Amino acid sequence: MFSKKLMARGAFSSLAIAGCLLGSIPAVTLAQSLPGLTIFSGVKPEYRLSYRLDFGGHTNAWDRYRLRVPAKKMKLAVAQFSITYPNYYKGKFDPKDMEIRVKGKSVPLQEVNWNKENRVIELIPEEPIPANSAVELVFSNVKNPSNPGIFYFNCQILSPGDVPLLRYLGTWEMSIG
């Protein structure tokens, strides 16, 4: 009698532990796709931008980057987004498969330029993006670099009718690996 109760308790404990472990897998997966708690960084918290890597951000794999700019950062209308990335990022982009989304809808693009030598991607919408709009830059068909690491993608903008100088909005601290 005593051994049956002990075995039942042991089986129940094992099932409970297995359930907890299986239930935590999606939470771990989600944590890898967005920037989590950052303790040490070269970027001030007010300049950190959120992002999502749709296919897990694995090295040497195909991915889709969703680079987000919150409405509170969009204090001016935007005629051009300019994204720079570090020289140690050896991934590949597909300029034909990039878009700007505002309120979940794709905005027609006038031009997309990927300057590989200077490590700059420029997205120019046909019409300026209004101020105070939440924006998502979507880079599809991206080949992640083969080397793992943290890659700092900087976002700068040009405003319509303004002095043609890029203004810094923030940085996406992308973890690949």
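Keep in mind it's a predicted model, so treat the numbers as computed, not measured. (Residues numbered from 1 in each chain as written. Predicted model: local features only at pLDDT ≥ 70, side-chain atom pairs only at ≥ 80, totals over all residues. Heavy atoms only, no water.)

1. As for the sheet that holds strand S8 (residues 120-125)
Note the following rule: A pair of strands is considered paired only if DSSP assigns at least 2 bridges between the two. Secondary structure counts use DSSP, requiring at least four H or I residues in a row for a helix and at least two E residues in a row for a strand, with both numbered from the N terminus.
Taken together, the 6 strands give an open sheet; going across it, the order is S1-S11-S10-S4-S8-S7, and neighbouring strands pair in mixed fashion. Looking at which strands have only one partner, the edges of the open sheet turn out to be strand S1 (48-49) and strand S7 (109-115).

2. Let's talk about the packing of aromatic side chains
Remark: the centre distance and the inter-plane angle together describe each pair of aromatic rings, the angle taken between the planes. To keep things clear, this is the line we draw: For this analysis, a ring pair means two rings from Phe, Tyr or Trp (six-membered ring only for Trp) whose centres lie within 6.5 Å, classed as stacked if their planes differ by under 30 degrees, edge-to-face if by over 60, and tilted for the remaining angles. With a 1.4 Å probe rolled over the protein chains alone, any residue whose accessible area is under 20% of its type maximum counts as buried; one over 50% counts as exposed, and the rest are partly exposed.
For the structure on display, the rule yields 13 aromatic pairs. With a centroid separation of 5.2 Å and 90 degrees between ring planes, the pair formed by tyrosine 89 and phenylalanine 153 is classed as edge-to-face. Pair noted here: tyrosine 89 is in the loop between strand S4 (80-84) and strand S5 (98-102) and phenylalanine 153 is in strand S10 (residues 149-158), with a separation of 64 residues, a long-range link. Neither tyrosine 89 nor phenylalanine 153 differs from the other in exposure class; each is buried. For the ring pair phenylalanine 93 and phenylalanine 139, a centre distance of 5.9 Å and an interplane angle of 85 degrees mean the geometry is edge-to-face. In this pair, phenylalanine 93 is assigned in the loop between S4 and S5 and phenylalanine 139 in strand S9 (residues 135-143), connecting sequence segments 46 residues apart. You'll find phenylalanine 93 and phenylalanine 139 in the same group, each marked buried. Three or more aromatic residues joined by ring pairs make a cluster, and in this case those are Tyr65, Tyr85, Tyr88, Tyr89, Phe93, Trp114, Phe139, Phe151 and Phe153.

3. Observations regarding the sheet that holds strand S3 (residues 62-69)
The criterion, for reference: For every element, the axis is a line fit to its C-alpha atoms; helices are fit only across the contacting stretch, and the angle between N-to-C directions ranges from 0 to 180 degrees.
Pairing in this open sheet of 5 strands is antiparallel, and the strands run S2-S3-S9-S5-S6 from one edge to the other. In the strand order of this sheet, the two ends are held by strand S2 (51-53) and strand S6 (105-107), each with one partner. Each strand axis lies, on average, 25 degrees off the axis of its neighbour in the sheet, ignoring direction.

4. Description of the nonpolar core
Note the threshold: Buried residues of nine kinds, namely Ala, Val, Leu, Ile, Met, Phe, Trp, Tyr and Cys, make up a nonpolar core once their side-chain atoms join them within 4.5 Å. Two residues qualify as a contact provided that any one of their heavy atoms is within 4.5 Å of a heavy atom in the partner residue.
Counting 33 residues, the largest nonpolar core has Tyr65, Phe81, Phe93, Phe139, Phe153 and Trp172 as its most contacted members. Sequence-distant contacts of phenylalanine 81, defined by excluding residues within four places in its chain, comprise Met74, Ile100, Ile121, Glu122, Leu123, Ile129, Val135, Leu137, Cys155, Gln156 and Ile157.

5. Notes on the pattern of salt bridges
Condition: Think of a salt bridge as a Lys or Arg side-chain nitrogen and an Asp or Glu carboxyl oxygen that are within 4 Å of each other.
Across all of its chains, the model carries 7 salt bridges by this definition. As a salt-bridge pair, arginine 66 and aspartate 54 come within 2.8 Å of each other at their nearest N and O atoms. A residue pair is termed long-range when its members are at least 10 positions apart, and arginine 66 in strand S3 and aspartate 54 in the loop between S2 and S3 qualify at 12 residues. Accessibility assignment for this pair places arginine 66 and aspartate 54 in one class, buried. The closest approach of N and O atoms between arginine 66 and glutamate 136, which form a salt bridge, is 3.5 Å. One end of the pair, arginine 66, is in strand S3; the other, glutamate 136, is in strand S9, with 70 residues separating them in the sequence.

6. Observations concerning the side chain of glutamine 80
Among the secondary structure elements, glutamine 80 is positioned in strand S4. Accessibility expressed as a relative area gives 11% for glutamine 80, which makes it buried. In this structure, glutamine 80 is in contact with Glu122, Leu123, Ile124, Pro125, Gln156, Ile157, Leu158 and Leu166, ignoring residues within four places of it in sequence.

That's the geometry; what it means functionally is another story.
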